[in-house]
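Chains, contacts and geometry: an overview
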Amino acid sequence: MLAKTSETTTVETPSAKKIATRDAYGEALVQLGGERDDIVVLDADLSGSTRTKGFSKAFPERFFNMGVAEANMMGTAAGLAAMGKTVFASSFAMFAAGKAWEQIRQSICVPKLDVKICASHAGLTVGEDGKSHQMLEDLTIMGVLPNMTVIVPADAVEARGAVRAAAELEGPVYVRLSRAPTPIVLPDGHTFEPGVGTTLREGADVAIVACGVEVGAALEAAGLLAADGVEARVINMATVKPLDEDLLCRAARECGAVLTAEEHQVRGGLGSAVSDLLARTTPVPMDMVGVDDTFGESGTAEELLVRFGLDGASLAKRARTLIERKS
Amino acid sequence: MVLTPERKHEIEQVARQVRIDTIEMTHAAGCGHPGGPMGMADFMATLFIAHLRLDGGNLHDPDRDRMVLGNGHTCAGLYSLLSQKGIFPHELLATFRKLGSPLQGHPHRNPELGIDMSTGSLGTGLSVGAGMALAARLNGWGSRIYVASSDGESQEGQIWEAATSAAHYGLSNLCVLVDFNNIQIDGVMREVMDVRDLRAKYEAFGWHAVEVDGHDVDAVDGALCEARVTDDRPSAIICHTTLGKGVSFMENDAGWHGVAPDDEQATQALAELGV
Ligand SMILES: Cc1ncc(C[n+]2csc(CCOP(=O)(O)OP(=O)(O)O)c2C)c(N)n1
Ligand SMILES: [Mg+2]
């Protein structure tokens, strides 16, 4: 069972330090490998990019490059897990989740095996590679699978914790990682707990619930809103499944409006999950920031976040409009 | 190694019981897939009786052998064999495909019942078997991993991804038995989508590959013995079989891939099987 206590830390503005969550993954994996000899890592010819290369160097006997064959990688991971291993399987999110969905369902989720899919290069911030590589649908197709836990770390600090938590959690876990270096938004020493959201900033005019890179954007938006006297509560919902329901319901009650933000299709991801919960329990005016039923395009990570309305200024604007809908 | 007459007799009896159970289970369920298991009965019985280290006594030994049924729709046969190996009572077979039964319409992994993997989606089994073989090797276990597959399943691309990687990693503890009956749902495999020479294909992928008459238990046993002494590569045994073997009106008829016998058909089938 996942613990259900929420913690509050106060972080005013994102720090200037930038580290990609995939880098944190690579480091955490090496550390874990040193502690537990049941950890096995698979990759599909992207070990340099996904950062499993560090593990492959440190523990070559427990690393298997599966070549460009993601479906077989997931099945192999299942077989290893069925024999008692804890398996990390990595590729780009597009191919790990997209290409091998049915294998993940049949061979990993149905038998509830300890396979931890750590998928990097998720979302628009892949950048210049463009739409073929910008996975914007993974939270939908991973989150809908029974037995699957879905985690989107907000920064490198949280990614480290998420990787450790994934190793300890029973059953399949999907961890969504980014290519682009992003600011550290959580305090050093922050401990990630699966299923537990973090309130990063207090406020009662609107709650902004975000995951991944959008947590930084949400904090930026809250700063802009504060300049106008609007106090936004900022919640980092790193575990997209299962949601921290208590924290969300309380935020809806106390703020009276909820804005979600994610680097993902607006339908089927965090926003959908939050609206699904609140519609059943605590209906309040809501808006959802995400990519609106379109594919991405080439550009730098930062340009793309602005282009698709996922930057702090865009979030602030959407929050202002949402607040006007409060009765 | 040659099968003793007693061993051979035992295998033949077990295979006959697989056919009887398959008819009774699918008849009782009113649905299911009788054709495949009846064709596979002889080579699967040879595997389970003469080779596979899995029974009521070693079920929970981590280093026992494993069995992955890639062509999961043929699970009536698997369940019959597991019960015949003393892993669960024969009466449980009557619950096949019924609400609440652990004997699901396609295998659901259940360590208590010796069901080693969830399957049903064709193409997934060989990859899982390869993963198990890797784990066994990492752990220094003597486990052999057996995967059942089929001609229809060989149309799946994932099979060839798995074949590539199993050979690359030299998984000599992995053995696939392919039920080659030239039948799939929509008819004759050669007409639907000809997979051609599977022995040559597996060989080209770097496997030790042989072709046998899947109803000749001596030949199957010989191939399984050969696979066990092949120490540098995985083994494939292409078993030529007749779908529905043992019941005249079922043999070689794609219509019996996934249709249960009615009362009259079941009675006739059981009579032909000597019940
Ligand atoms: C991925 C997938 N596609 C389709 C099916 C539906 N299906 C079940 S059995 C089968 C035919 C498989 O051929 P084969 O195993 O040779 O059939 P048999 O010889 O047992 O009649 C199909 C298409 C499936 N189970 N999985
Ligand atoms: Mg067939």
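Residues numbered from 1 in each chain as written. Chains lettered and ligands numbered in written order. Predicted model: local features only at pLDDT ≥ 70, side-chain atom pairs only at ≥ 80, totals over all residues. Heavy atoms only, no water.

On a plain count of helices and strands, chain B comes out with 9 helices and 7 strands. Over its C-alpha atoms chain B spans a radius of gyration of 17 Å, differing by no more than 12% from the 19 Å that the globule rule assigns to 275 residues. Projected onto the principal axes, the alpha-carbon positions of chain B cover approximately 50 × 45 × 40 Å. By residue count, 59% of the 275 residues in chain B fall in the buried class. For chain B, the exposed surface amounts to about 10100 Å²; the carbon and sulfur share of it is 49%. (Helix = DSSP H or I, 4+ residues; strand = E, 2+ residues; numbered from the N terminus. Rg over C-alpha atoms; globule rule 2.2 N^0.38 Å. Buried < 20%, exposed > 50% of the residue type's maximum accessible area, 1.4 Å probe, protein only. Areas by Shrake-Rupley, 256 points an atom, 1.4 Å probe, with all protein chains shown as cover.)

Residues and elements named next belong to chain A. Strand order in the open sheet made by the 7 strands is E4-E3-E5-E6-E8-E7-E13, with mixed pairing throughout. The open sheet has two edge strands, strand E4 (63-65) and strand E13 (239-241), and neither has a second partner. Sheet twist, expressed as the average angle between the axes of neighbouring strands with direction ignored, equals 20°. Helix H8 (residues 156-168) rests against strand E3 (39-43), strand E5 (86-92), strand E6 (115-120), strand E7 (149-151) and strand E8 (173-176) of the sheet, and its axis sits at about 135° to E5. (Pairing = 2+ DSSP bridges. Axes fitted to C-alpha atoms, helices over the stretch in contact; angles between N-to-C directions. Contact = heavy atoms within 4.5 Å.)

Residue and element names in this part refer to chain B. With respect to the element layout, threonine 22 can be found in helix H1 (residues 5-29). There is a polar contact of 2.7 Å between the side chain of threonine 22 and the backbone oxygen of valine 18. Once you skip the residues sitting within four places of it in the chain, threonine 22 turns out to touch Pro34, Pro37, Met38, Ala76 and Gly77. (Polar contact = N/O pair within 3.5 Å; in protein donor to acceptor, adjacent residues only side chain to side chain.)

Moving on: the pairing of E8(A). All names here are of chain A. Of the two faces of E8, the one holding Val173 and Val175 and the one holding Tyr174 and Arg176 are both buried throughout. Summarising the sheet, E6 and E8 pair through 4 bridges and their orientation is parallel. Looking at the pairing, cysteine 118 lines up with valine 175 of E8. Pairing geometry for E7 and E8, over 3 bridges, is parallel. The residue bridging isoleucine 151 from the neighbouring strand is valine 175, located in E8. Note that the unit made of E7, H8 and E8 has a crossover that is right-handed. (Right-handed = clockwise from strand over helix to strand, strands pointing away.)

Now for the pattern of salt bridges. Residue and element names in this part refer to chain A. Within the structure shown, the criterion is met by 25 salt bridges over all chains. The partner of aspartate 38 in a salt bridge is arginine 36, and the shortest N-O contact between them spans 2.9 Å. With its nearest N and O atoms 4.0 Å apart, the salt bridge here joins arginine 201 to glutamate 231. With arginine 201 in strand E10 (residues 198-201) and glutamate 231 in the loop between helix H9 (214-227) and strand E12 (232-236), the pair connects residues that are 30 residues apart, well separated along the chain. Given the relative accessible area of 9%, arginine 201 is considered buried. One continuous salt-bridge network, built from bridges that share partners, spans Glu202, Arg233 and Glu254. (Salt bridge = Lys/Arg side-chain N within 4 Å of Asp/Glu carboxyl O.)

Here Ser178(A) lies in the loop between E8 and strand E9 (182-183). For Ser178(A), the contacting residues outside a window of four places in its chain are Ala20(A), Thr21(A), Arg22(A), His121(A) and Thr125(A).

All names here are of chain A. Contact geometry for helix H4 (residues 70-82) and helix H6 (residues 101-109): axes closest at 9 Å, N-to-C directions at 10°. Between H4 and H6, the crossing angle belongs to the class labelled roughly parallel. Facing Ala71, Met74 and Ala78 of H4, the residues of H6 in contact are Gln103, Ile104, Ser107 and Ile108. When grouped by side-chain class, the residues that make up the contact of H4 with H6 number 5 nonpolar, 2 polar and no charged. (Parallel < 35°, antiparallel > 145°, perpendicular 65-115°, else oblique. Nonpolar A, V, L, I, M, F, W, Y, C, P; charged D, E, K, R; others polar.)

The next point concerns the site of ligand 1. Residues and elements named next belong to chain B. Around ligand 1, 14 residues are found, and the nearest of them are His73, Ser150, Asp151, Asn181 and His257. Within the contact set of ligand 1, a nitrogen atom lies 2.8 Å away from a backbone nitrogen or oxygen of glycine 120. Note that an oxygen atom of ligand 1 is positioned 2.5 Å from one of the side-chain N or O atoms of histidine 257. Considering ligand 1 on its own, with 600 Å² of exposed area, one finds that the protein chains cover 75% of that surface. Across the shell around ligand 1, the residue classes tally to 4 nonpolar, 8 polar and 2 charged. (Near = heavy atom within 4 Å.)

A word on the packing of aromatic side chains. Residue and element names in this part refer to chain A. Summed over the entire model, instances satisfying the criterion amount to 9 aromatic pairs over all chains. Relative to phenylalanine 88, the ring of tyrosine 25 has its centre 6.4 Å away and its plane inclined at 35°; by these criteria the two rings are tilted. Placement of the pair is tyrosine 25 in helix H1 (residues 21-35) and phenylalanine 88 in strand E5, with a sequence separation of 63 residues. Relative accessible area serves as the criterion here: at 0%, tyrosine 25 is assigned to the buried category. Lying over the aromatic face of phenylalanine 59, arginine 62 brings its terminal NZ or CZ to 4.5 Å of the ring centre. Over the face of the ring belonging to phenylalanine 308 we find arginine 307, whose NZ or CZ atom lies 4.8 Å from the ring centre. (Phe/Tyr/Trp six-rings, centres within 6.5 Å; stacked < 30°, edge-to-face > 60°. Lys NZ or Arg CZ within 6 Å of the ring centre and 35° of its normal.)

Further remarks concern the packing of H1(A) against H8(A). All names here are of chain A. Close contact between H1 and H8 brings their axes to 8 Å; oriented N to C, the two are set at 40°. Judged by the inter-axis angle, H1 sits oblique to H8. Between H1 and H8 lies a crossing whose hand is right-handed. On H8, the residues touching Thr21, Ala24, Tyr25, Glu27, Ala28, Gln31, Leu32 and Glu35 of H1 are Ala156, Ala159, Arg160, Val163, Arg164 and Ala167. Looking at side-chain class alone, the contact of H1 with H8 contains 8 nonpolar, 2 polar and 4 charged residues. (Left-handed = near helix turned anticlockwise from the far one by under 90°.)

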